[in-house]
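A structural walkthrough
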Amino acid sequence: MALRLWNTLENRLVEVEPVKAGEIRMYNCGPTVYSDPHIGNFRSFLLGDLLRRAFDQRGFKTTQVMNITDVGHLTTDDVADASGEDKLEKKAKEEGLDPFEIALRYEQMFHENASQLHLVKAHEYPRATDHIPEMIQMIEQLLERGHAYAVKDVGVYFRVHSFEKYGGLSGNTLENLDSGSRIEVDERKESAHDFALWKIDDKHLMQWDSPWGRGFPGWHIECSAMSLKYLGGTFDIHTGGEDNIFPHHECEIAQSVGAGVGEFARIWVHARHLLVDGQKMSKSKGNFYTINDLVERGFSGHEIRYSLICNHYRQPMNFTIDGMDGDTKAVQRLRTLRKKLEEASVGSAADTEVDAPLEESMRQFDACIDDDLNLSGALGVLHDRVRALGRDLPEGSAALRALEFLRHCDQILGVIFVEDESPTVPLTDSQQQLIQRRETARAEREWSLADEIRDQLLAEGILIEDGPTGTTWSHQR
RNA sequence: GGCGGCAUCGCCAAGUGGUAAGGCACGGGUUUGCAAAACCCGCAUCCCCGGUUCGAAUCCGGGUGCCGCCUCCA
């Protein structure tokens, strides 16, 4: 059974049939690098990662490209300035750095967070600023084909009326846009809905030469130009957050198809936004979480990852710290089983015997993933099996086979076998001594002393657990 | 005003015609020196009204509520 995905372009579930047999070429809309990436950004990036993992696991030769948007874009959202200042420049002024330094810094932050959340590395992370010539070339093609027009000292616009299919992705056809219009018409544009391909504005810090004067590219053109360069004019999958559907992706389609480079992306997959505490995440509401915020609260990367992927990507997700606490327990249980199985299988040789229940669970797990990345369903299957394995813990080769099953699931999930990336703070000498003294006390059945020491260590953030194979310690959140 | 989506246990959430997965929380147990972990048992008839059907959370119609997008946004 092939993987099926909800294609925003057709508004239906479609089977993934690669343009080129056995190969998947995928473009993920990546981060805009002028602030710390937040959990909402990562919900979208994780959608790309889950697809990548699913295709890899199914044996496709996958090429994954994620852009880095390091050209700032006009902003009107920050209440402080409704003037349309560039976000990168705004940040640059605030921090007294040049925009390229700001961009680079946040790009590094993005990669760091991505690695904390165990995203598989994409094959390319092209930066917009490294592809200005490619963008200029595409704009020239659009001008030649009559899909664009230049306005002296202003820039170049895409002529939306020249592109019949405009609105095909979002439903915002020109007719619909007109009837619901709330935009002020810019006199220099032929149509209110025409969007910028190249902008000229002296005040901008980031500037490049172009046939139309020194300026900077419009927001949408980078994805059209870079996807063409790295994936070709027709490729399989394009992903992003739901807010990208319009205008960003709609405009990308118009540009790429208009430039005559091919069919562009066949399947468009969009992640719904997540809410925090039932409301849209925003800094002013105080419900805005970056990955770093959660790390500071003591959550591990794999815990954050689990929490962000355990819901269906097409359902609005309500993120809460209480929910994260619960998800943390769930993922801990998976990792505990892994540890127990590893201990139970030490020294055993793999064999080829098949455990029918494991096979069945694996089949069901895969079927859920194939069904539009039904992670909730897949996790249900996994947890069912985990409970059964915990009830009657296999040993030896059977434990190895159970581990194989977990590993199979974790090729998608990426939360069970990943190393805990939080820095391991070693025990202090006095803490080690306390543990020693407690061991002695327990051996002498001095329970009250043992309990006292355990409490003391807990107060210092060290969690002591006595198991059948001995006492272990770990850092308590 | 235009386009689109959602409504299932205290919370998160799967299930798209055959009689309600799973996780967290909660209550009761087993185990443990005690705890932790693990395991066992318990815990919903699916927003409302009407219709189709032998049978609906699932399909249709009508309500109600909530959310996203409409050129800042993952």
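Just so you know, these numbers come straight off a predicted model, no measurement behind them.

Assigned domains of chain A: these are domain 1 (4-271), domain 2 (276-413) and domain 3 (429-475). Centre-to-centre, using C-alpha coordinates, domain 1 lies 32 Å away from domain 2. Contacts between the two partners involve 29 residues from domain 1 and, on the opposite side, 35 residues from domain 2. Around 2,700 Å² of area is buried between domain 1 and domain 2 when both sides are counted, 60% of it from carbon and sulfur atoms. Counting every contact that joins domain 1 to domain 2 gives three salt bridges. Across the salt bridge formed by Arg305 and Asp49, the nearest N and O atoms sit 2.9 Å from each other. For the pair domain 1 and domain 2, the interface holds 17 residue pairs in polar contact (both at pLDDT 80 or more). Put simply, the parts of the chain that give the side of domain 1 that touches domain 2 at least two residues each are β1 (4-7), α1 (39-57), α3 (99-116) and β10 (264-271). Of all the elements, α1 adds the most residues to the side of domain 1 that touches domain 2, at 12 residues. For the side of domain 1 that touches domain 2, the per-class residue count stands at 16 nonpolar, seven polar and six charged.

One turn of the α-helix equals 3.6 residues, which is why residues spaced by three or four share an orientation. With 15 residues, helix α14 (residues 429-443) should reach 21 Å at 1.5 Å per residue; the first-to-last C-alpha distance of 21 Å fits that figure. Among the residues making up α14, those that are buried are Gln431, Leu434, Ile435, Arg438 and Ala441. The buried residues of α14 occupy an angular sector of 120° when the element is viewed end-on, so they sit on one face. Residues Asp429, Gln433, Gln436 and Ala443 are exposed on α14 and point more than 90 degrees away from its buried face. Lining the buried residues of α14 we find α15 (447-459), β14 (462-467) and β15 (470-475). Among the residues trailing α14, Arg445 stands out with phi positive, at a value near 60°.

This paragraph deals with the protein's contact with RNA strand B. Not every one of the 62 residues close to RNA strand B is listed here, only the nearest: Ala192, Gly241, Asn244, Arg454 and Asp466. When atoms of RNA strand B within 4 Å of the protein are sorted by moiety, sugar and phosphate together comprise 65%. Residue contributions to the surface near RNA strand B peak at nine residues, all from helix α12 (residues 375-391). Looking at the surface near RNA strand B, its residues break down into 14 nonpolar, 29 polar and 19 charged.

With that settled, consider the packing of α12 against helix α13 (residues 397-413). Here α12 crosses α13 at 160°, and the two axes come no closer than 12 Å. Viewed along their axes, α12 and α13 adopt a mutual orientation that is roughly antiparallel. By crossing handedness, the relation of α12 to α13 is classed as left-handed. Of the residues in α13, those in contact with Leu375, Leu379, Leu382, Arg385, Val386 and Leu389 of α12 are Ala402, Phe405, Leu406, Cys409 and Leu413. Broken down by class, the residue content of the contact of α12 with α13 amounts to 10 nonpolar, no polar and one charged.

As a further point, take the pattern of salt bridges. One pass over the structure, following the stated rule, counts 28 salt bridges. Here Glu404 and Arg407 are joined by a salt bridge, their closest N and O atoms 2.8 Å apart. Residue Glu404 and its partner Arg407 are both found in helix α13; the two are separated by three residues, about one turn of the helix. Its salt-bridge partner being Arg442, residue Asp466 comes within 3.4 Å of it at the nearest N-O pair. Of this pair, Asp466 sits in strand β14 while Arg442 sits in helix α14, and the two are 24 residues apart along the sequence. One network of salt bridges, in which partners are shared, links Arg438, Arg442, Asp451, Arg454 and Asp466.

It is worth spelling out the packing of aromatic side chains at this point. Counting across every chain of the model gives 15 aromatic pairs. Measuring from centroid to centroid gives 6.3 Å for Phe158 and Phe163, while their planes differ by 75°, and the two rings are edge-to-face. For the pair shown, Phe158 and Phe163 are each scored as buried. Three or more aromatic residues joined by ring pairs make a cluster, and in this case those are Phe158, Phe163, Tyr166, Phe195 and Phe246.

What follows is about the confidence of the model for chain A. When the pLDDT values of chain A are averaged, the result is 88; 93% of them are 70 or greater. Scored below 50 in pLDDT, residues 74-84 makes 15 contacts in the model with residues more than four places away or belonging to other chains.

Take the sheet that holds strand β3 (residues 23-28) next. Spatially, the four strands line up as an open sheet ordered β4-β3-β9-β10, and their pairing is parallel. At either end of the open sheet lies a strand with only one pairing partner, and these are β4 (61-66) and β10. Each strand of the sheet is rotated relative to its neighbour by a mean of 25°, with strand direction disregarded. With three bridges connecting them, β3 and strand β9 (residues 234-241) associate as parallel partners. Paired with Tyr27 across the bridge in β9 is His238.

Along the polypeptide, His147 turns up in the loop between α4 (132-144) and β5 (148-151). Exposure remark for His147: the relative accessible area of 13% places this residue in the buried category. Not counting residues within four places of it along the chain, the set of residues in contact with His147 comprises Leu142, Tyr157, Phe158, Arg159, Ser162, Phe163 and Gly258.

With that settled, the discussion passes to the nonpolar core. Ranked by size, the top nonpolar core spans 75 residues in total, and within it Leu5, Ile39, Leu308, Phe319, Leu373 and Leu382 carry the most contacts. Counting residues per element, this core draws most heavily on α1, at nine residues. Both domains that furnish three or more residues to this core are identified here as domain 1 (4-271) and domain 2 (276-413).

What follows is about the pairing of strand β7 (residues 195-199). Across the five residues that make up β7, a large majority, four, are buried. As judged from the four bridges shared by strand β6 (residues 155-158) and β7, these two strands associate in the antiparallel manner. Across the sheet, residue Phe158 finds its bridge partner in β7, namely Phe195.

A separate point is unusual backbone geometry. A cis amide bond links Phe246 with the next residue in sequence, Pro247, at an omega value of 5°. Inspection of the secondary structure assignment puts Pro247 in helix α7 (residues 245-258). The backbone phi angle of His118 is positive, close to 60°, even though this residue is not glycine. By the element assignment, His118 lies in the loop between α3 and α4. At Leu373, a position not held by glycine, the phi torsion is positive, near 55°. Its place among the elements puts Leu373 in the loop between α11 (356-370) and α12.

What counts and how
Residues numbered from 1 in each chain as written. Chains lettered and ligands numbered in written order. Predicted model: local features only at pLDDT ≥ 70, side-chain atom pairs only at ≥ 80, totals over all residues. Heavy atoms only, no water. Domains from an automatic or database assignment. Contact = heavy atoms within 4.5 Å. Buried area = accessible area lost by both parts, 1.4 Å probe. Salt bridge = Lys/Arg side-chain N within 4 Å of Asp/Glu carboxyl O. Polar contact = N/O pair within 3.5 Å; in protein donor to acceptor, adjacent residues only side chain to side chain. Helix = DSSP H or I, 4+ residues; strand = E, 2+ residues; numbered from the N terminus. Nonpolar A, V, L, I, M, F, W, Y, C, P; charged D, E, K, R; others polar. Expected span 1.5 Å × (residues − 1). Buried < 20%, exposed > 50% of the residue type's maximum accessible area, 1.4 Å probe, protein only. Arc of directions from axis to C-beta. Near = heavy atom within 4 Å. Axes fitted to C-alpha atoms, helices over the stretch in contact; angles between N-to-C directions. Parallel < 35°, antiparallel > 145°, perpendicular 65-115°, else oblique. Left-handed = near helix turned anticlockwise from the far one by under 90°. Phe/Tyr/Trp six-rings, centres within 6.5 Å; stacked < 30°, edge-to-face > 60°. pLDDT = per-residue confidence, 0-100. Pairing = 2+ DSSP bridges. Core = buried A, V, L, I, M, F, W, Y, C linked by side-chain atoms within 4.5 Å.

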